[in-house]
Number of protein chains: 2
Amino acid sequence: MDKKKILIVEDEADIRELLRYHLEREGFDVLEAGDGPGGLALARSERPALMLLDVMLPGMDGFDVLRGLAAEGGPVVPVLLLTARGEEVDRVVGLTLGADDYVVKPFSVRELMLRVKAVLRRQDRSLSGSVLRRGGVSLDAERHRAEVNGEPVALTATEFRLLEDLLRHSGAVRTREQLLNTVWGYSFEGYARTVDTHVRRLRAKLGAAADVIETVRGVGYRLKED
Amino acid sequence: MDKKKILIVEDEADIRELLRYHLEREGFDVLEAGDGPGGLALARSERPALMLLDVMLPGMDGFDVLRGLAAEGGPVVPVLLLTARGEEVDRVVGLTLGADDYVVKPFSVRELMLRVKAVLRRQDRSLSGSVLRRGGVSLDAERHRAEVNGEPVALTATEFRLLEDLLRHSGAVRTREQLLNTVWGYSFEGYARTVDTHVRRLRAKLGAAADVIETVRGVGYRLKED
DNA sequence: GAAGGCTTGTCACGGTATTGTCACATGTTC
DNA sequence: GAACATGTGACAATACCGTGACAAGCCTTC
């Protein structure tokens with residue numbers, strides 16, 4: 001799972017543009033639909049991680065879209081509603097129909113982004129427990145604690161994210177490129193072999209369990225399977 | 001155990017409807033009142049497990065209701081306050097007057113439900129009241145009071161909310177972003193390092209117990225585990 | 001409503017842990 | 001052994017956090 005997909009359903013092109021700009025800057029993949037039926041179709045085919053849904057749409061409005069989603073029964077698409085100010089009743093109906101949250105227009109971009117992340121975080125958390133294990137290594141993302149054979153190990157922020165990424169992809173090879181993108185962020189432009197150095201430091205701190213990180217020559221690194 | 005009763009005191013019928021819908025879906029018995037006196041009467045006669053109380057009510061407002069409850073002396077009814085955005089002062093007054101928690105409107109339904117359950121859980125667990133503890137630090141949300149090794153400590157509103165958030169997530173790392181979102185609110189647009197300053201002030205006031213707040217370099221802050 | 005104190009958000013500074021990069025050593029593949 | 005990939009040690013730049021200071025806002029008090 002790389003970039004998360006976010007679907008914007010909004011009839012005003014300006015606002016779509018604005019949202020796309022900011023969402024992409026945050027590292028999301030953006031899909032757009034200008035009306036209800038288009039939005040439903042994309043939600044169905046692309047299964048976005050989140051849908052930003054305008055209530056006021058010509059023809060099939062936001063509520064109809066929500067009903068359409070509910071009618072399908074399949075995996076739920078989280079929805080963040082965009083409502084115009086003062087549409088009190090609307091937000092009530094919307095939340096009743098299964099939206100996860102809503103933002104009132106005109107919204108501050110910053111606030112919207114925060115809510116987007118909040119909804120996604122909730123989603124993530126409900127999916128995966130926060131303690132990762134493999135071999136003698138365990139890592140608690142929420143508490144930001146790492147242990148080797150029960151002994152706590154002090155990792156720096158980068159080392160922690162690196163180990164977390166490897167653990168989340170246990171058994172799969174991670175190329176230096178992939179690691180740079182997820183651990184360092186999409187905007188990092190640097191020496192690919194920086195990864196090597198951090199792997200080294202991580203191995204040193206893991207001590208006895210250093211060999212859980214395998215080198216895959218010519219490709220990248222991988223966490224040893226059980 | 002039969003269903004728990006929850007009383008909604010709120011003048012807007014839409015919102016009552018919304019809350020009833022979701023609460024019943026979660027398996028609660030729902031009672032409604034459209035004004036303060038009605039709410040008080042129902043609280044008295046039905047002894048609900050929890051009361052969702054809007055602050056802005058015509059005539060007798062939420063605070064008056066809280067005072068009314070306090071005046072009775074009898075078994076306490078837990079209260080979750082619904083306040084409008086920006087009524088900062090209200091929160092403090094409300095918590096001082098004995099509310100257990102508050103939610104800022106416009107709220108996300110999911111968040112509200114989580115808080116409802118949190119308050120009920122707290123109630124179940126500790127008949128002794130909603131006191132959070134860790135190390136030598138104890139914090140009584142109901143009375144808005146904090147103690148270190150039995151000695152009362154005077155905290156400002158922000159310090160209190162900060163410590164409360166950390167205590168509620170004991171052991172988990174809270175990033176500056178998360179803290180800004182929950183302690184300061186989504187609409188706060190400001191310097192992330194404001195958090196640092198408040199942590200510093202909090203630590204200073206905690207004196208001997210200052211080290212219960214751990215710094216997790218590159219990530220955020222965390223409350224020390226036992 | 002003026003004065004003063006308290007609270008709060010920002011900022012700049014400085015020490016320090018962390019981080020990225022490089023040069024070179026070592027290892028692997030053919 | 002050549003060509004290439006990864007490991008290692010060292011080092012300078014950077015990021016990060018704690019701290020002191022300050023101004024604006026707010027509340028209380030007179």
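Residues numbered from 1 in each chain as written. Chains lettered and ligands numbered in written order. Predicted model: local features only at pLDDT ≥ 70, side-chain atom pairs only at ≥ 80, totals over all residues. Heavy atoms only, no water.

S.K.: Describe helix α7 (residues 176-184) of chain B, with residues and values.
M.R.: Along α7(B), the positions that sit buried rather than exposed are Q178(B), L179(B), L180(B), N181(B), V183(B) and W184(B). In the segment just after α7(B), G185(B) is the residue with positive phi, at about 105 degrees. (Buried < 20%, exposed > 50% of the residue type's maximum accessible area, 1.4 Å probe, protein only. Helix = DSSP H or I, 4+ residues; strand = E, 2+ residues; numbered from the N terminus.)

S.K.: I'd like to hear about the sheet that holds strand β7 (residues 137-140) of chain B, residue by residue, with values.
M.R.: All names here are of chain B. Spatially, four strands are ordered β6-β7-β8-β9 in an open sheet, and the strand pairing comes out antiparallel. For this open sheet the edge positions go to β6 (131-134) and β9 (151-153), each flanked by a neighbour on one side alone. Strand-to-strand, the axes of this sheet are offset by a mean angle of 25 degrees, without reference to chain direction. Here helix α6 (residues 157-168) sits on the sheet and contacts β6, β7 and β8 (145-148); the angle it forms with β7, its principal contact strand, is near 110 degrees. (Pairing = 2+ DSSP bridges. Axes fitted to C-alpha atoms, helices over the stretch in contact; angles between N-to-C directions. Contact = heavy atoms within 4.5 Å.)

S.K.: Tell me what's going on with the side chain of H22(A), and back it up with residues and numbers.
M.R.: Examined against the element boundaries, H22(A) turns out to sit in helix α1 (residues 13-25). Exposure remark for H22(A): the relative accessible area of 19% places this residue in the buried category.

S.K.: Requested: an account of the protein's contact with DNA strand D, with residues and values cited.
M.R.: Neighbouring residues of DNA strand D: 22 residues in total, closest R193(A), T215(A), Y221(A), R193(B) and T215(B). At the protein interface, 40% of the atoms of DNA strand D within 4 Å belong to sugar or phosphate. G218(A) is positioned such that a nitrogen or oxygen atom in its backbone is 2.8 Å from a phosphate oxygen of DNA strand D. At a separation of 3.1 Å, a base nitrogen of DNA strand D approaches a polar side-chain atom of R200(B). Elements represented by at least two residues in the surface near DNA strand D include exactly α8 (194-206) and β11 (213-216) of chain A together with α8 (194-206) and β11 (213-216) of chain B. The element best represented in the surface near DNA strand D is α8(A), accounting for four residues. (Near = heavy atom within 4 Å. Polar contact = N/O pair within 3.5 Å; in protein donor to acceptor, adjacent residues only side chain to side chain.)

S.K.: With reference to specific residues and values, describe the pattern of salt bridges.
M.R.: As enumerated under the stated definition, the model contains 27 salt bridges over all chains in all. The shortest N-O distance in the salt bridge between E225(B) and R143(A) comes to 2.8 Å. Separated into two different chains, E225(B) in the segment after β12 (220-223) and R143(A) in the loop between β7 (137-140) and β8 (145-148) make up a pair that spans both. When its relative accessible area of 31% is taken as the criterion, E225(B) is described as partly exposed. On the accessibility criterion, R143(A) (26% relative accessible area) is partly exposed. (Salt bridge = Lys/Arg side-chain N within 4 Å of Asp/Glu carboxyl O.)

Interpretation note: all reported values are geometric properties and have no functional meaning in isolation.
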